[in-house]
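Reading the structure
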Amino acid sequence: MEQPEQKTDSKQYSSYGTVLEAAFVDPAYTWPPPEGEGKNAIELQASVNLLDDSVSVQTTDSQRERMTIPPKPVAQPPPKKKFWQCCSKANDEDMLEMHQWELQKKAALDARKDHYDLKMERAKEVRRRNRYNRVPEGILIYQLNTANQTLTLMSQPHSQTDTTTLVEEMVIASARPANGKTRRGMLLRGSDGTTVTLVACEQRTAIAWMEAIDMMLANKRRLRKTANTNESREWRKNNLSGEELDQIEGQYLNLASYSNKLIRADKKSKKSEASGIYYSIEVSKDPAEAFEQEALESIAKRRAVIKDSWDFYRMICSLLRDRRKYEEVYRKMQLDPVFPYLNSMTGLNDPGETGYVNHDKALEQKDLQKYSRMTRKEVAEDLIRHANAALPSLVEICKALAGSLGMEEVGVGPIKEMPAALRKAEKKYDGDLLKVTDYCRALVVVKDFPSLLALLELARDSFGPLIRRVKLSSLKSDCNAKTGGYRDCIINIELKEHICEIQVHLWPMWLICGVDGFRHYRHCLEYNTDSFENAYDALEGLDRKTMAELIVMAEEAVAETPLDDLEWFQEKFILDYFAEIGLFMKHGLHVWAEITLRHLIRLRTGAPDIGPEHHETMLLYGYLEQVLRSMGQNDEAEVIRKKLKAYDKMLKDEKEEAQKSMWGTLVAAPMEAYDMILDPNRKEREEEEKMRREVKASKRAWRGIRKERFAFLDVSGSGNDLSSSRDEKKTAY
């Protein structure tokens, strides 16, 4: 409920509000300054030593006399009384003297207190007057009072300051982020129509000020008479009462101030050379109002909650980024001339696409009779004992494969622990522990698809009778990838009556996450990231206050690397800024989203391993198109749309060119081509025939690669490669 408006001729301001002070760049100077020239020369909460008594408040002789406590009177021993004497005149005099001394003592103490209060008040005035008397050249200190919407210059101008355009005081009517290459600018318009662009020394200063100004302009309790002329970007749309906005403003700025102090403390502990310029926030409340300020412990707890939310959102951005990398790698791997042949193969006991949950898995551990009398934990412990017994044999097999093929990486173990086995059986196999076939496990990383085909052939010839399953489905183009975009091959073999697992990874896929690939898979499975394409969809449903607080956490994450200093190799901060772009887009800060996107595009374009036509660069262009359309810049957005369309065409042409290359190997065998041309049912079977031709060409390509790179297979095996059969739909075993 709003407070009743006071009827008066003068402007009425709410007593609630916040005072913010921050350092901004004088337009006549450059920022950052040259190394060692004032970058660390100021702290906004600068300490000023209390001035001497002679400077602050003079103590006169009469004042000293009033503050001096007289000596305490000494009571004389009373004379001996007669029995008929009930009173004594001397005692009355002593009591009167002591009472007068008590009064004099109290007056002296009151005089001392008054004198001390006067000294403190004078010292406070001196500090207030001289607070920014040592501001280095090129820095201007401004104060924002959200109670009366007033912007005030606190520091003195410098030698090169243009005083004709310098704004010393302004009642703010609107504010928005300033266009340019930096995210530190704000464009302010006063109630008299005056405009000024302020460029903060720190980008998080501009963010906190913009949010505070937007809340201030939306608050109907502030500047009531000019409320209709105020322009709030988004907060007014929420239609909140003045009391609600007061509370939100206080909590938001408390969080921003707390975060800022943590950043400063961290930089001091690291002895950073760029501790920089910071903003200060001081809540100003009406003492007549019964308002309890938010306790520090409460702020810290709320920050922890927001920090966890930021970490989760950033993790989603990371998971979807890696999924896009997997998808791009797989797209390029499909251009390999042997892929159509591999794509035509079927595995052994391969269930195909079953999803994560697979209650009907055909392959399982041997069901021993004793298991019927055991608990689930005892069964798991027995299976783990069998896995440990089979492990040495699995190690020898992996050594043999690695020695023959020169694999990129090989790893064996560790044995799956009982709690992990129980969880997997419960989640994936309806509690059936026998369907868990990776108690004893190993991984091998092969270079490419030809290396995978060579491994399959070598495995068939070396230990074919032991093979129980070959799962190729996630590598096939007509099947979905695993959750999170990963694709690999799984070979299960039986050693000492126990099913073991060999995970065959392809180097281009493995290179993206390495051993952390399983963590990527687990997180994608847990949070169902395959259900949405856009990482920014994770922000749907968040209220405006939470979004603003997440931006505070984003700025805390990138505090040591402002956008202006970001380099192409700083992947951690690039991901942070990418996540922050989503917050800006959802929060209506499209100018800062545009500035950040353009900077990231420049970095990706200039990166040696990415470039202008990389899929990540194009993704950023896609978001930039959305931002530009939101800002009404449709002409440039249309240019970007055409660029993205040309990129899609380039990918399509690339695939067609790879197919033409395979046809070159097939034309070398004219009789095969002639037989296909004579097929009278070609028109009706065009798609099937196209696949047949691709597989034939791919087989021929594999034979050439096999002869060149894996000639030892003819010596170690039977001399028959996997493509020796006439069947087009070839089974791996």
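Right, let's walk through the structure included here.

Reading guide: rules and limits
Residues numbered from 1 in each chain as written. Predicted model: local features only at pLDDT ≥ 70, side-chain atom pairs only at ≥ 80, totals over all residues. Heavy atoms only, no water. Helix = DSSP H or I, 4+ residues; strand = E, 2+ residues; numbered from the N terminus. Buried < 20%, exposed > 50% of the residue type's maximum accessible area, 1.4 Å probe, protein only. Contact = heavy atoms within 4.5 Å. Areas by Shrake-Rupley, 256 points an atom, 1.4 Å probe, with all protein chains shown as cover. Core = buried A, V, L, I, M, F, W, Y, C linked by side-chain atoms within 4.5 Å. Pairing = 2+ DSSP bridges. Axes fitted to C-alpha atoms, helices over the stretch in contact; angles between N-to-C directions. Salt bridge = Lys/Arg side-chain N within 4 Å of Asp/Glu carboxyl O. Arc of directions from axis to C-beta. Phe/Tyr/Trp six-rings, centres within 6.5 Å; stacked < 30°, edge-to-face > 60°. Lys NZ or Arg CZ within 6 Å of the ring centre and 35° of its normal. Left-handed = near helix turned anticlockwise from the far one by under 90°. Nonpolar A, V, L, I, M, F, W, Y, C, P; charged D, E, K, R; others polar.

Before going further, it helps to spend a moment on the overall build of the protein chain. Per the secondary structure count, the protein chain includes 20 helices and 12 strands. For the protein chain, the residues scored as buried account for 47% of the 733 residues in total. Nonlocal contacts in the protein chain, meaning residues at least 24 apart in sequence, comprise 72% of its contacts between residues at least 6 apart. For the protein chain, the accessible area works out to roughly 38,300 Å², and carbon and sulfur atoms hold 50% of it.

On to the nonpolar core, then. The biggest cluster of nonpolar side chains holds 90 residues, and the ones touching the most others in it are Tyr142, Leu188, Trp209, Trp310, Leu583 and Leu600. Per-element tally for this core: the top contributor is helix H4 (residues 203-218), with 11 residues. Formed by 65 residues, the second largest nonpolar core is a distinct cluster that contains Ile384, Met407, Leu453 and Leu455.

So, on to the sheet that holds strand S11 (residues 489-495). The strand order across the open sheet built from five strands is S8-S9-S12-S11-S10, with neighbouring strands paired in mixed fashion. Each having just a single partner strand, strand S8 (409-412) and strand S10 (467-471) make up the two edges of the open sheet. Direction aside, neighbouring strands of the sheet carry axes that sit 15° apart on average. Pairing of S11 with strand S12 (residues 498-506), which is carried by seven bridges, proceeds in the antiparallel orientation. Bridge pairing links Ile491 to Ile502 in S12. The strands touched by helix H8 (residues 376-405) within the sheet are S8, strand S9 (441-446), S11 and S12, with S12 carrying the most contacts at an inclination of about 40°. Packed on one face of the sheet, helix H10 (residues 449-463) meets S9, S10, S11 and S12 and runs near 15° to S11.

Quick look at the pattern of salt bridges now. Tallying each qualifying case throughout the model produces 42 salt bridges. The closest approach of N and O atoms between Glu594 and Arg598, which form a salt bridge, is 2.9 Å. With Glu594 and Arg598 both in helix H15 (residues 590-606) and four residues apart, the pair spans about one turn of that helix. The closest approach of N and O atoms between Lys649 and Asp653, which form a salt bridge, is 3.0 Å. Separated by four residues within a single helix, Lys649 and Asp653 lie in helix H17 (residues 634-667), roughly one turn from each other. What emerges from the salt-bridge pattern is a single network uniting Arg323, Glu327, Asp530 and Glu533.

Buried within helix H12 (residues 517-527) are the following residues: Gly517, His520, Tyr521, His523 and Cys524. Taken down its axis, H12 places every buried residue within 170° of arc, on the same side. Pointing more than 90 degrees away from the buried face of H12 are the exposed residues Phe518 and Glu526. Packing partners of the buried residues in H12 comprise helix H6 (296-333) and helix H11 (507-513).

This part takes up the side chain of Thr617. Secondary-structure assignment places Thr617 in helix H16 (residues 615-630). By relative accessible area, which is 0% here, Thr617 ends up buried. Dropping the residues within four chain positions of it, Thr617 is found in contact with Ile601, Arg604, Thr605, Ile610, Gly611 and Pro612.

Before going further, it helps to spend a moment on the packing of aromatic side chains. Within this structure, the stated rule accounts for 15 aromatic pairs. Residues Tyr326 and Tyr486 carry aromatic rings whose centres are separated by 5.1 Å and whose planes lie at 75° to one another, so their mutual orientation is edge-to-face. With a gap of 160 residues between them, Tyr326 in helix H6 and Tyr486 in the loop between S10 and S11 connect regions that are remote in the sequence. On the basis of relative accessible area, Tyr326 is assigned to the buried category, the value being 1%. We classify Tyr486 as buried; its relative accessible area is 11%. Each residue in the set Phe24, Tyr142 and Trp209 is aromatic and connected to the rest through ring pairs, giving one cluster. Against the face of Tyr330 rests Arg487, its NZ or CZ located 3.8 Å from the ring centre.

Where H8 meets helix H9 (residues 418-428), the axes come as close as 10 Å, and the angle between the chain directions of the two elements is 115°. Note that H8 runs across H9; the crossing there is right-handed. On H9, the residues touching Arg376, Lys377, Ala380, Glu381 and Ile384 of H8 are Met418, Leu422, Ala425 and Glu426. For the contact of H8 with H9, the class distribution of residues is five nonpolar, no polar and four charged.

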